[in-house]
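# Descriptive analysis of the structure
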Amino acid sequence: EAKRQGRNRFTWFAAPLAEQAAHKRKVEMQLRAALEHESLSLHFQPLIDLASGRIIGAEALVRMRAADGSLVSPASFIPLAEETGLILPLGDWILSAALRQLAQWRRAGWDDFVLAVNISGIQFRQSQFVPRLAEMLEVCAVPGRFLELELTEGVLAEQSVDAIAGLQQLKALGVRLAIDDFGTGYSSLSYLKRLPIDRLKIDRSFVDDLPGHAGDVAITRSIVHIARAFDLAVTAEGVENQAQRDFLRELGCQSAQGYWFSKPVPAEALEVLLREGHGRPA
Ligand code: C2E
Ligand code: MG
Ligand code: MG
Ligand code: MG
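Notes on the structure follow. (Residues numbered from 1 in each chain as written. Chains lettered and ligands numbered in written order. Predicted model: local features only at pLDDT ≥ 70, side-chain atom pairs only at ≥ 80, totals over all residues. Heavy atoms only, no water.)

## So, the overall build of the protein
Spelled out, the test is: For the purposes of this entry, the term helix denotes a DSSP run of H or I that reaches at least four residues, the term strand denotes a run of E that reaches at least two, and both are numbered from the N terminus. It is over C-alpha atoms that the radius of gyration is taken, and the globule rule equals 2.2 Å times the number of residues to the power 0.38. Only protein chains enter the accessibility calculation, which uses a 1.4 Å probe. A residue is then buried if its area is under 20% of the maximum for its type, exposed if over 50%, and partly exposed in between. Only heavy atoms matter for contacts: two residues are in contact if any of them lie within 4.5 Å across the pair. Using a 1.4 Å probe, the Shrake-Rupley method yields the accessible areas, and only the shown protein chains count as cover for residues. Here Asp and Glu are counted as negative and Lys and Arg as positive; His is not counted, and neither are the chain ends. By convention, the charge on Lys lies at NZ, on Arg at CZ, on Asp at CG and on Glu at CD.
Helices and strands together make up the secondary structure of the protein, namely 12 helices and nine strands. Expected size for 282 residues packed as a compact globule is a radius of gyration near 19 Å; at 21 Å, the protein falls within 12% of this value. Taken along its principal axes, the extent of the C-alpha atoms in the protein is 70 × 50 × 40 Å. Expressed as a percentage of its 282 residues, the buried residues of the protein come to 48%. For the protein, contacts bridging at least 24 residues in sequence account for 66% of all contacts bridging at least 6. A total of about 14200 Å² of accessible surface is found on the protein, and carbon and sulfur atoms cover 52% of it. Of the side chains in the protein, 31 bear a positive and 35 a negative charge, and the two mean positions are spaced by 3 Å.

## So, the side chain of Glu153
Our working rule: Salt bridges are identified by distance alone: a Lys or Arg side-chain nitrogen within 4 Å of an Asp or Glu carboxyl oxygen. Distance and chemistry together define a polar contact, namely a pair of N or O atoms within 3.5 Å, with one atom able to donate a hydrogen and the other to accept it when in protein, and with adjacent residues in sequence counting only for side-chain atoms on both sides.
By secondary structure assignment, the location of Glu153 is in helix 6 (residues 153–157). Of the side chains bearing the opposite charge, Lys201 lies closest to the buried Glu153, which forms no salt bridge; the N-O distance is 13 Å. Within polar-contact distance, the side chain of Glu153 engages the side chain of Tyr191 at 3.2 Å. The residues touching Glu153, leaving out its near neighbours within four places in the chain, are Ile179, Asp180, Asp181, Phe182, Gly183, Thr184, Gly185, Tyr186 and Tyr191.

## Here we look at the site of ligand 1
We count it as follows: We call a residue near a molecule or strand whenever a single non-hydrogen atom of that residue lies within 4 Å of it. Using a 1 Å grid laid over the protein atoms alone, points where a 1.4 Å probe fits but cannot get out form a cavity; open sets with protein on both sides within 12 Å along at least 5 of 7 lines form a pocket; any residue with an atom within 4 Å of a point counts as lining. Molecules are considered to sit inside a cavity or pocket once more than half of their atoms lie within 2 Å of its grid points.
Around ligand 1 there are 22 residues in total, and Arg63, Asn118, Asp180, Glu240 and Tyr259 lie nearest to it. In the environment of ligand 1, an oxygen atom lies 3.0 Å from a nitrogen or oxygen atom belonging to the side chain of Glu59. Glu240 is positioned with one of its side-chain polar atoms (N or O) 2.5 Å from a nitrogen atom of ligand 1. Coverage of ligand 1 by the protein chains reaches 83% of its 800 Å² of free accessible surface. Applying the majority rule of atoms within 2 Å of the grid points places ligand 1 in the largest pocket.

## What to know about helix 7 (residues 161–172)
One full turn of an α-helix is made of 3.6 residues, so residues set three or four places apart face in the same direction. What counts here: Expected helix span is given by 1.5 Å per residue-to-residue step, counting one fewer step than there are residues. In this context, the arc is that of the directions from the helix axis out to the C-beta atoms.
Across its 12 residues, helix 7 extends 16 Å between first and last C-alpha, which sits within 8% of the 16 Å expected from 1.5 Å per residue. What helix 7 keeps buried is the set Ala163, Gly166, Leu167 and Leu170. Along helix 7, the residues classed as buried sweep out an arc of 95 degrees about the axis, all on the same side. Opposite its buried face, helix 7 presents the exposed residues Val161 and Ala172, each directed more than 90 degrees away. Contact partners of the buried residues in helix 7: helix 4 (121–125), helix 5 (129–140), strand 5 (147–152), helix 6 and strand 6 (176–182). Backbone geometry just after helix 7 places Gly174 at a positive phi near 90 degrees.

## A word on the coordination of the magnesium ion (ligand 3)
Note the cut-off: Only nitrogen, oxygen and sulfur atoms qualify as donors, and only when within 2.8 Å of the metal (3.2 Å in the case of Na, K and Ca); with water excluded, sites may look incomplete.
The magnesium ion (ligand 3) binds to the protein through Asp180 (OD), Asp181 (OD), Glu237 (OE) and Glu237 (OE), with metal-donor distances spanning 2.0 to 2.4 Å. Read in sequence order, the donor residues coordinating the magnesium ion (ligand 3) give the pattern D-D-x55-E. Between the two metals, the magnesium ion (ligand 3) and the magnesium ion (ligand 2), the spacing is 4.2 Å, and Asp180 donates to both. Taken together, the residues Asp180 in strand 6 and Glu237 in the loop between strand 8 (233–236) and helix 11 (242–251) connect sequence positions 57 residues apart. Accessibility classification places Asp180 together with Glu237 in one group, the buried group.

## Let's talk about the pairing of strand 2 (residues 55–65)
Applicable threshold: Two strands qualify as a pair provided that DSSP identifies no fewer than 2 bridges between them.
Across the 11 residues that make up strand 2, a large majority, nine, are buried. Bridge count between strand 2 and strand 4 (residues 114–118): four bridges; the pairing is parallel. Counterpart to Ala58 in the pairing with strand 4 is Leu115. Where strand 2 lies against strand 3 (residues 71–72), two bridges are found, and the strand directions are antiparallel. Bridge pairing links Arg65 to Leu71 in strand 3.

## Thoughts on the layout of surface pockets
To keep it simple, the criterion reads: Grid points are joined across faces, edges and corners, and a volume is the space filled by probe spheres set on the points. Amino acids outside the nonpolar list (Ala, Val, Leu, Ile, Met, Phe, Trp, Tyr, Cys, Pro) and the charged list (Asp, Glu, Lys, Arg) are all regarded as polar, and Gly is one of them.
Considered as a void within the structure, the largest pocket measures approximately 1000 Å³ in volume. Glu59, Leu61, Pro74, Asn118 and Asp180 are the residues nearest the centre of the largest pocket, which is lined by 36 residues in total. Breaking the lining of the largest pocket down by element, the ones donating at least two residues are strand 1 (40–49), strand 2, helix 2 (74–84), helix 3 (87–107), strand 4, helix 4, strand 5 and strand 6. When grouped by side-chain class, the residues that make up the lining of the largest pocket number 13 nonpolar, 12 polar and 11 charged. Estimates place the volume of the second largest pocket at around 200 Å³. Lining of the second largest pocket is provided by 14 residues; of these, Phe124, Arg125, Gln126, Asp162 and Gly166 occupy positions nearest its centre.

Geometric values such as these leave the question of function open.
Okay, structure coming up:
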(Lines give C-alpha, C1' and ligand atoms only; values in the text may rest on other atoms or scores of the structure.)
(Ligands and ions follow the chains in the order given, each with its own letter.)
Protein backbone atom coordinates (compact mmCIF):
# COMPACT_ATOMS: atom_id res chain seq x y z
CA GLU A 1 0.00 0.00 0.00
CA ALA A 2 2.77 2.39 0.97
CA LYS A 3 4.60 1.45 -2.19
CA ARG A 4 1.55 2.09 -4.29
CA GLN A 5 0.98 5.41 -2.60
CA GLY A 6 4.61 6.24 -3.15
CA ARG A 7 4.29 5.41 -6.79
CA ASN A 8 1.13 7.43 -7.07
CA ARG A 9 2.78 10.33 -5.40
CA PHE A 10 5.73 9.97 -7.74
CA THR A 11 3.39 10.08 -10.72
CA TRP A 12 1.50 13.00 -9.26
CA PHE A 13 4.66 15.09 -8.96
CA ALA A 14 6.49 13.78 -11.98
CA ALA A 15 3.80 14.11 -14.62
CA PRO A 16 3.69 17.92 -14.76
CA LEU A 17 7.50 18.05 -14.76
CA ALA A 18 7.70 15.52 -17.57
CA GLU A 19 5.09 17.50 -19.45
CA GLN A 20 7.07 20.67 -18.93
CA ALA A 21 10.21 19.01 -20.22
CA ALA A 22 8.36 17.64 -23.25
CA HIS A 23 6.91 21.07 -23.95
CA LYS A 24 10.36 22.64 -23.70
CA ARG A 25 11.82 20.06 -26.08
CA LYS A 26 9.00 20.70 -28.52
CA VAL A 27 9.50 24.48 -28.48
CA GLU A 28 13.27 24.04 -28.78
CA MET A 29 12.84 21.81 -31.83
CA GLN A 30 10.38 24.27 -33.37
CA LEU A 31 12.86 27.08 -32.79
CA ARG A 32 15.77 25.16 -34.36
CA ALA A 33 13.59 24.33 -37.35
CA ALA A 34 12.41 27.94 -37.61
CA LEU A 35 16.01 29.17 -37.65
CA GLU A 36 16.87 26.71 -40.41
CA HIS A 37 13.81 27.20 -42.57
CA GLU A 38 13.33 30.92 -42.12
CA SER A 39 9.88 30.50 -40.62
CA LEU A 40 10.66 33.44 -38.39
CA SER A 41 9.28 36.86 -39.13
CA LEU A 42 9.12 40.30 -37.63
CA HIS A 43 6.04 42.26 -36.75
CA PHE A 44 6.21 45.99 -36.14
CA GLN A 45 4.28 48.05 -33.62
CA PRO A 46 4.16 51.78 -34.33
CA LEU A 47 5.49 54.31 -31.82
CA ILE A 48 3.14 57.28 -31.65
CA ASP A 49 3.99 60.88 -30.76
CA LEU A 50 1.16 61.75 -28.35
CA ALA A 51 1.08 65.47 -29.16
CA SER A 52 0.63 65.03 -32.92
CA GLY A 53 -0.69 61.48 -33.16
CA ARG A 54 1.96 60.74 -35.79
CA ILE A 55 4.07 57.61 -36.12
CA ILE A 56 7.67 58.40 -35.22
CA GLY A 57 9.06 54.90 -35.14
CA ALA A 58 8.27 51.26 -34.52
CA GLU A 59 9.33 48.31 -32.38
CA ALA A 60 10.29 45.06 -34.09
CA LEU A 61 8.81 41.98 -32.38
CA VAL A 62 9.80 38.49 -33.48
CA ARG A 63 7.22 35.87 -34.47
CA MET A 64 7.71 32.14 -35.03
CA ARG A 65 5.42 30.22 -37.35
CA ALA A 66 4.74 26.67 -36.15
CA ALA A 67 4.30 23.73 -38.52
CA ASP A 68 0.50 24.06 -38.25
CA GLY A 69 0.75 27.68 -39.40
CA SER A 70 -0.04 29.27 -36.04
CA LEU A 71 2.16 32.04 -34.64
CA VAL A 72 4.01 31.22 -31.43
CA SER A 73 4.46 34.06 -28.93
CA PRO A 74 8.02 35.19 -28.16
CA ALA A 75 7.08 35.27 -24.48
CA SER A 76 7.15 31.45 -24.65
CA PHE A 77 10.27 30.92 -26.75
CA ILE A 78 12.64 33.79 -25.83
CA PRO A 79 13.28 32.43 -22.30
CA LEU A 80 13.88 29.00 -23.80
CA ALA A 81 16.16 30.46 -26.48
CA GLU A 82 18.13 32.11 -23.68
CA GLU A 83 18.38 28.86 -21.76
CA THR A 84 19.62 26.88 -24.76
CA GLY A 85 21.91 29.50 -26.28
CA LEU A 86 19.72 29.64 -29.40
CA ILE A 87 19.20 33.32 -28.54
CA LEU A 88 22.54 34.05 -30.24
CA PRO A 89 21.63 32.90 -33.77
CA LEU A 90 18.06 34.07 -33.17
CA GLY A 91 19.17 37.52 -32.02
CA ASP A 92 21.50 37.77 -34.98
CA TRP A 93 18.68 36.92 -37.38
CA ILE A 94 16.36 39.46 -35.72
CA LEU A 95 18.90 42.29 -35.88
CA SER A 96 19.82 41.73 -39.48
CA ALA A 97 16.20 41.28 -40.59
CA ALA A 98 15.23 44.46 -38.72
CA LEU A 99 18.07 46.46 -40.27
CA ARG A 100 17.31 45.20 -43.77
CA GLN A 101 13.68 46.26 -43.34
CA LEU A 102 14.72 49.63 -41.94
CA ALA A 103 17.07 50.19 -44.90
CA GLN A 104 14.22 49.37 -47.29
CA TRP A 105 11.89 51.86 -45.55
CA ARG A 106 14.59 54.51 -45.65
CA ARG A 107 14.99 53.98 -49.39
CA ALA A 108 11.22 54.39 -49.74
CA GLY A 109 11.52 57.82 -48.13
CA TRP A 110 10.66 57.13 -44.48
CA ASP A 111 14.02 58.42 -43.39
CA ASP A 112 13.32 60.03 -40.02
CA PHE A 113 11.93 56.88 -38.52
CA VAL A 114 13.56 55.06 -35.59
CA LEU A 115 13.31 51.27 -35.36
CA ALA A 116 13.59 49.65 -31.93
CA VAL A 117 14.89 46.09 -31.46
CA ASN A 118 14.77 44.07 -28.23
CA ILE A 119 18.13 42.72 -27.12
CA SER A 120 18.53 39.89 -24.65
CA GLY A 121 21.15 40.30 -21.92
CA ILE A 122 22.93 37.18 -23.12
CA GLN A 123 23.17 38.62 -26.61
CA PHE A 124 24.43 41.97 -25.31
CA ARG A 125 27.12 40.33 -23.14
CA GLN A 126 28.54 38.41 -26.09
CA SER A 127 31.95 39.87 -26.99
CA GLN A 128 31.17 39.93 -30.71
CA PHE A 129 27.91 41.82 -30.26
CA VAL A 130 29.12 45.36 -30.93
CA PRO A 131 31.46 44.53 -33.87
CA ARG A 132 28.72 42.39 -35.47
CA LEU A 133 26.22 45.21 -35.11
CA ALA A 134 28.69 47.74 -36.54
CA GLU A 135 29.15 45.48 -39.55
CA MET A 136 25.39 45.07 -40.07
CA LEU A 137 24.84 48.84 -39.89
CA GLU A 138 27.53 49.34 -42.48
CA VAL A 139 26.25 46.64 -44.83
CA CYS A 140 22.73 48.09 -44.64
CA ALA A 141 24.03 51.68 -44.82
CA VAL A 142 21.83 52.67 -41.88
CA PRO A 143 23.19 55.47 -39.63
CA GLY A 144 23.28 54.19 -36.05
CA ARG A 145 20.93 56.88 -34.74
CA PHE A 146 17.97 55.31 -36.54
CA LEU A 147 18.35 52.11 -34.54
CA GLU A 148 17.26 51.90 -30.90
CA LEU A 149 18.16 48.90 -28.76
CA GLU A 150 15.83 47.94 -25.92
CA LEU A 151 17.53 46.48 -22.87
CA THR A 152 15.96 45.55 -19.56
CA GLU A 153 16.97 46.91 -16.19
CA GLY A 154 18.73 43.70 -15.23
CA VAL A 155 21.41 44.23 -17.87
CA LEU A 156 22.00 47.83 -16.82
CA ALA A 157 21.81 47.39 -13.06
CA GLU A 158 24.80 45.09 -13.34
CA GLN A 159 27.00 48.09 -14.12
CA SER A 160 29.92 45.79 -14.77
CA VAL A 161 32.96 47.26 -16.49
CA ASP A 162 32.18 45.20 -19.60
CA ALA A 163 28.54 46.23 -19.68
CA ILE A 164 29.40 49.92 -19.38
CA ALA A 165 32.08 49.61 -22.06
CA GLY A 166 29.56 47.83 -24.30
CA LEU A 167 27.02 50.61 -23.89
CA GLN A 168 29.64 53.25 -24.63
CA GLN A 169 30.69 51.40 -27.78
CA LEU A 170 27.07 51.31 -28.88
CA LYS A 171 26.78 55.05 -28.29
CA ALA A 172 29.94 55.54 -30.35
CA LEU A 173 28.04 53.88 -33.23
CA GLY A 174 25.30 56.45 -32.68
CA VAL A 175 22.84 53.75 -31.64
CA ARG A 176 20.07 54.83 -29.24
CA LEU A 177 19.41 52.94 -26.01
CA ALA A 178 16.09 52.37 -24.26
CA ILE A 179 15.25 50.72 -20.96
CA ASP A 180 12.37 48.32 -21.57
CA ASP A 181 9.74 47.43 -18.94
CA PHE A 182 11.04 50.31 -16.81
CA GLY A 183 10.05 50.03 -13.16
CA THR A 184 9.61 46.26 -13.03
CA GLY A 185 13.23 45.19 -12.55
CA TYR A 186 15.97 46.23 -10.17
CA SER A 187 14.92 49.25 -8.17
CA SER A 188 18.34 50.94 -8.29
CA LEU A 189 18.14 54.17 -10.22
CA SER A 190 21.83 54.94 -9.88
CA TYR A 191 22.53 53.71 -13.40
CA LEU A 192 20.47 56.57 -14.84
CA LYS A 193 23.13 59.10 -13.95
CA ARG A 194 25.97 56.91 -15.18
CA LEU A 195 24.79 55.17 -18.31
CA PRO A 196 24.14 56.67 -21.73
CA ILE A 197 20.39 55.98 -21.89
CA ASP A 198 18.05 57.75 -24.34
CA ARG A 199 14.57 56.49 -23.46
CA LEU A 200 12.51 54.95 -20.67
CA LYS A 201 9.66 52.62 -21.62
CA ILE A 202 6.96 52.55 -18.94
CA ASP A 203 5.92 48.94 -18.44
CA ARG A 204 2.43 47.96 -19.52
CA SER A 205 1.59 46.75 -15.99
CA PHE A 206 1.59 50.39 -14.79
CA VAL A 207 -0.50 51.57 -17.75
CA ASP A 208 -3.21 48.88 -17.57
CA ASP A 209 -5.23 50.46 -14.76
CA LEU A 210 -4.73 54.13 -15.63
CA PRO A 211 -6.24 56.53 -14.88
CA GLY A 212 -8.30 54.97 -12.07
CA HIS A 213 -5.59 53.34 -9.96
CA ALA A 214 -3.90 55.82 -7.61
CA GLY A 215 -0.73 53.75 -7.23
CA ASP A 216 -0.25 53.36 -10.97
CA VAL A 217 -0.93 57.07 -11.47
CA ALA A 218 1.80 57.87 -8.94
CA ILE A 219 4.29 55.50 -10.55
CA THR A 220 3.59 56.66 -14.09
CA ARG A 221 3.80 60.32 -13.10
CA SER A 222 7.11 59.66 -11.31
CA ILE A 223 8.62 57.92 -14.34
CA VAL A 224 7.58 60.80 -16.62
CA HIS A 225 9.22 63.23 -14.16
CA ILE A 226 12.40 61.15 -13.95
CA ALA A 227 12.59 61.10 -17.74
CA ARG A 228 12.17 64.86 -17.93
CA ALA A 229 14.77 65.47 -15.19
CA PHE A 230 17.32 63.29 -16.98
CA ASP A 231 16.37 64.65 -20.39
CA LEU A 232 15.26 61.24 -21.67
CA ALA A 233 12.49 60.35 -24.07
CA VAL A 234 9.63 58.45 -22.46
CA THR A 235 7.19 55.94 -23.95
CA ALA A 236 4.16 54.32 -22.36
CA GLU A 237 3.64 50.69 -23.38
CA GLY A 238 0.32 48.89 -23.70
CA VAL A 239 -2.07 51.79 -24.25
CA GLU A 240 -5.39 50.11 -24.99
CA ASN A 241 -7.99 52.86 -24.66
CA GLN A 242 -8.63 56.54 -25.13
CA ALA A 243 -8.78 57.30 -21.40
CA GLN A 244 -5.24 55.97 -20.96
CA ARG A 245 -4.05 57.89 -24.01
CA ASP A 246 -5.62 61.17 -22.82
CA PHE A 247 -4.29 60.77 -19.31
CA LEU A 248 -0.73 60.06 -20.50
CA ARG A 249 -0.80 62.98 -22.91
CA GLU A 250 -1.93 65.35 -20.15
CA LEU A 251 0.80 63.98 -17.90
CA GLY A 252 3.35 65.06 -20.49
CA CYS A 253 4.29 61.57 -21.60
CA GLN A 254 5.78 62.12 -25.03
CA SER A 255 5.03 58.90 -26.86
CA ALA A 256 3.14 55.63 -26.62
CA GLN A 257 2.57 52.22 -28.11
CA GLY A 258 -0.41 49.94 -27.72
CA TYR A 259 -3.38 48.22 -29.25
CA TRP A 260 -5.33 51.52 -29.16
CA PHE A 261 -3.07 52.75 -31.96
CA SER A 262 -2.11 49.44 -33.55
CA LYS A 263 -1.22 45.88 -32.68
CA PRO A 264 2.17 44.70 -33.95
CA VAL A 265 1.64 44.15 -37.70
CA PRO A 266 3.61 42.79 -40.68
CA ALA A 267 5.82 45.26 -42.58
CA GLU A 268 3.32 45.87 -45.40
CA ALA A 269 0.58 46.74 -42.92
CA LEU A 270 2.89 49.20 -41.15
CA GLU A 271 3.57 50.84 -44.52
CA VAL A 272 -0.17 51.44 -44.93
CA LEU A 273 -0.23 53.15 -41.52
CA LEU A 274 2.85 55.19 -42.43
CA ARG A 275 1.23 56.36 -45.65
CA GLU A 276 -1.76 57.51 -43.64
CA GLY A 277 0.68 59.20 -41.27
CA HIS A 278 -0.73 57.83 -38.07
CA GLY A 279 -1.87 54.74 -36.19
CA ARG A 280 -5.16 56.26 -35.11
CA PRO A 281 -6.42 59.83 -35.28
CA ALA A 282 -5.15 61.85 -32.30
P1 C2E B 1 8.25 43.91 -24.88
O2 C2E B 1 9.53 44.24 -25.55
O3 C2E B 1 7.92 44.67 -23.64
O4 C2E B 1 7.14 44.08 -26.00
C5 C2E B 1 5.84 44.51 -25.77
C6 C2E B 1 4.87 43.36 -25.79
O7 C2E B 1 3.57 43.86 -25.44
C8 C2E B 1 4.69 42.72 -27.17
O9 C2E B 1 4.38 41.34 -26.95
C10 C2E B 1 3.47 43.44 -27.71
O11 C2E B 1 2.76 42.70 -28.68
C12 C2E B 1 2.65 43.57 -26.46
N13 C2E B 1 1.72 44.70 -26.54
C14 C2E B 1 1.88 45.87 -27.20
N15 C2E B 1 0.83 46.67 -27.04
C16 C2E B 1 -0.03 46.02 -26.22
C17 C2E B 1 -1.32 46.35 -25.67
O18 C2E B 1 -1.88 47.42 -25.89
N19 C2E B 1 -1.90 45.42 -24.86
C20 C2E B 1 -1.31 44.22 -24.58
N21 C2E B 1 -1.97 43.36 -23.80
N22 C2E B 1 -0.09 43.88 -25.09
C23 C2E B 1 0.53 44.78 -25.90
P24 C2E B 1 5.15 40.18 -27.73
O25 C2E B 1 5.39 40.59 -29.14
O26 C2E B 1 4.39 38.93 -27.46
O27 C2E B 1 6.55 40.15 -27.02
C28 C2E B 1 6.67 39.80 -25.67
C29 C2E B 1 8.07 40.02 -25.17
O30 C2E B 1 8.98 39.11 -25.82
C31 C2E B 1 8.62 41.41 -25.47
O32 C2E B 1 8.18 42.33 -24.51
C33 C2E B 1 10.10 41.16 -25.40
O34 C2E B 1 10.55 41.16 -24.06
C35 C2E B 1 10.21 39.75 -25.96
N36 C2E B 1 10.55 39.87 -27.39
C37 C2E B 1 9.75 40.08 -28.44
N38 C2E B 1 10.46 40.15 -29.58
C39 C2E B 1 11.76 40.00 -29.23
C40 C2E B 1 12.99 40.00 -29.96
O41 C2E B 1 13.02 40.22 -31.18
N42 C2E B 1 14.15 39.78 -29.25
C43 C2E B 1 14.12 39.61 -27.88
N44 C2E B 1 15.29 39.41 -27.25
N45 C2E B 1 12.99 39.61 -27.18
C46 C2E B 1 11.83 39.81 -27.83
MG1 MG C 1 10.44 45.94 -26.05
MG1 MG D 1 8.20 46.27 -22.55
MG1 MG E 1 9.50 42.68 -22.04
